[in-house]
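# An overview of the molecular structure
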Amino acid sequence: KLTRTNWSSIQPRSRSDHILYDPYYCDGSTARLLKDLGFTNIKHEKRDFYADVKNDTVPRHHTLITNPPYSEDHKERCVQYAVNNLRKKNVP
């Protein structure tokens, strides 16, 4: 079970160690903006997020940060992925 003590041991200590993941590519500007904020490990590639979820090939990351498309059911699917991922890792 994840506790405050062991949770802190798996969290990165600096922005350069922290891996951010934005699954919705659009024009790629998110990576540029995050780099301007000092983040250097950014997973923001032109990939099929839903295929990655289905095939369990979502890039390793510490934080999912995104602004999903508002059309169709993208928001719901993204939130469902995040909830399922936290449950899988036993994170409250």
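Structure: above.
Residues numbered from 1 in each chain as written. Predicted model: local features only at pLDDT ≥ 70, side-chain atom pairs only at ≥ 80, totals over all residues. Heavy atoms only, no water.

## Observations concerning the side chain of aspartate 22
Rules: What counts as a helix is a DSSP run of H or I of at least four residues, what counts as a strand is a run of E of at least two, and both are numbered from the N terminus. Only protein chains enter the accessibility calculation, which uses a 1.4 Å probe. A residue is then buried if its area is under 20% of the maximum for its type, exposed if over 50%, and partly exposed in between. The positive count covers Lys and Arg only, the negative count covers Asp and Glu only, and His and the chain ends enter neither. Put simply, a salt bridge is a Lys or Arg side-chain nitrogen that is within 4 Å of an Asp or Glu carboxyl oxygen. Polar contacts, as used here, are pairs of N or O atoms within 3.5 Å; protein pairs need one atom able to donate a hydrogen and one able to accept it. Residues neighboring in sequence count only if both atoms are side-chain atoms. Whether two residues touch is decided by their heavy atoms; if any such pair falls within 4.5 Å, the residues are in contact.
Note that aspartate 22 resides in the loop between strand E1 (19–21) and helix H2 (29–36). Buried and unpaired, aspartate 22 has arginine 32 as its nearest opposite-charge partner, separated by 11 Å. At a separation of 2.6 Å, a polar atom in the side chain of aspartate 22 contacts the side chain of threonine 66. Other than its neighbours up to four places away in sequence, aspartate 22 contacts Thr30, Lys43, His44, Ile65 and Thr66.

## Thoughts on the layout of surface pockets
The test is simple: A cavity here means a set of points on a 1 Å grid, drawn over the protein atoms and nothing else, where a 1.4 Å probe fits but cannot get out; a pocket is an open set with protein on both sides within 12 Å along at least five of seven lines, and a residue lines either one if it has an atom within 4 Å of a point. Grid points are joined across faces, edges and corners, and a volume is the space filled by probe spheres set on the points. Each residue gets one of three labels, nonpolar for Ala, Val, Leu, Ile, Met, Phe, Trp, Tyr, Cys and Pro, charged for Asp, Glu, Lys and Arg, and polar for the others, Gly among them.
Its volume calculated, the second largest pocket comes out at about 230 Å³. What lines the second largest pocket is a set of 14 residues, among which Asp56, Val58, Tyr81, Asn85 and Lys88 lie closest to the centre. Where the lining of the second largest pocket is concerned, the elements lending two or more residues are helix H3 (49–54) and helix H4 (74–88). The dominant element in the lining of the second largest pocket, judged by the number of residues it contributes, is H4, at 6 residues. Here the residues of the lining of the second largest pocket are counted per class, giving 4 nonpolar, 4 polar and 6 charged.

## Focus: the packing of aromatic side chains
Our working definition: Pairing of aromatic rings covers Phe, Tyr and the six-membered ring of Trp, with a centre-to-centre limit of 6.5 Å; geometry is then stacked below 30 degrees between planes, edge-to-face above 60, and tilted otherwise. Only lysine NZ and arginine CZ atoms are considered, and such an atom sits over a ring when it is within 6 Å of the ring centre and within 35 degrees of the ring normal.
As enumerated under the stated definition, the model contains 5 aromatic pairs in all. Ring centres of tyrosine 24 and phenylalanine 49 lie 5.5 Å apart, and the angle between their planes is 65°; on these two criteria the pair is classed as edge-to-face. Taken together, the residues span a long stretch of sequence, with tyrosine 24 in the loop between E1 and H2 and phenylalanine 49 in helix H3 at a distance of 25 residues. Exposure remark for tyrosine 24: the relative accessible area of 13% places this residue in the buried category. Residue classification places phenylalanine 49 among the buried positions, given a relative accessible area of 3%. Consider the rings of phenylalanine 49 and tyrosine 81, whose centres lie 5.4 Å apart with planes at 85°: the pair is edge-to-face. Of this pair, phenylalanine 49 sits in helix H3 while tyrosine 81 sits in helix H4; the two residues are 32 residues apart in sequence, bridging distant segments of the chain. On the basis of relative accessible area, tyrosine 81 is assigned to the buried category, the value being 11%. In this arrangement the basic side chain of lysine 75 is found over the ring face of tyrosine 70, its NZ or CZ atom lying 5.1 Å from the centre. One Lys or Arg, arginine 77, reaches over the ring of tyrosine 50 and ends 3.6 Å from the middle of that ring.

## Some details on the nonpolar core
Heads up, the rule is: Nonpolar cores were defined as sets of buried Ala, Val, Leu, Ile, Met, Phe, Trp, Tyr and Cys residues, with membership established by side-chain atoms within 4.5 Å.
Counting 7 residues, the largest nonpolar core consists of Tyr21, Tyr24, Phe49, Tyr50, Val58, Cys78 and Tyr81. Those elements that provide at least two residues to this core are H3 and H4. For tyrosine 50, the contacting residues outside a window of four places in its chain are Tyr24, His74 and Arg77. Counting 5 residues, the second largest nonpolar core, distinct from the first, contains Ala31, Leu34, Phe39 and Ile42.

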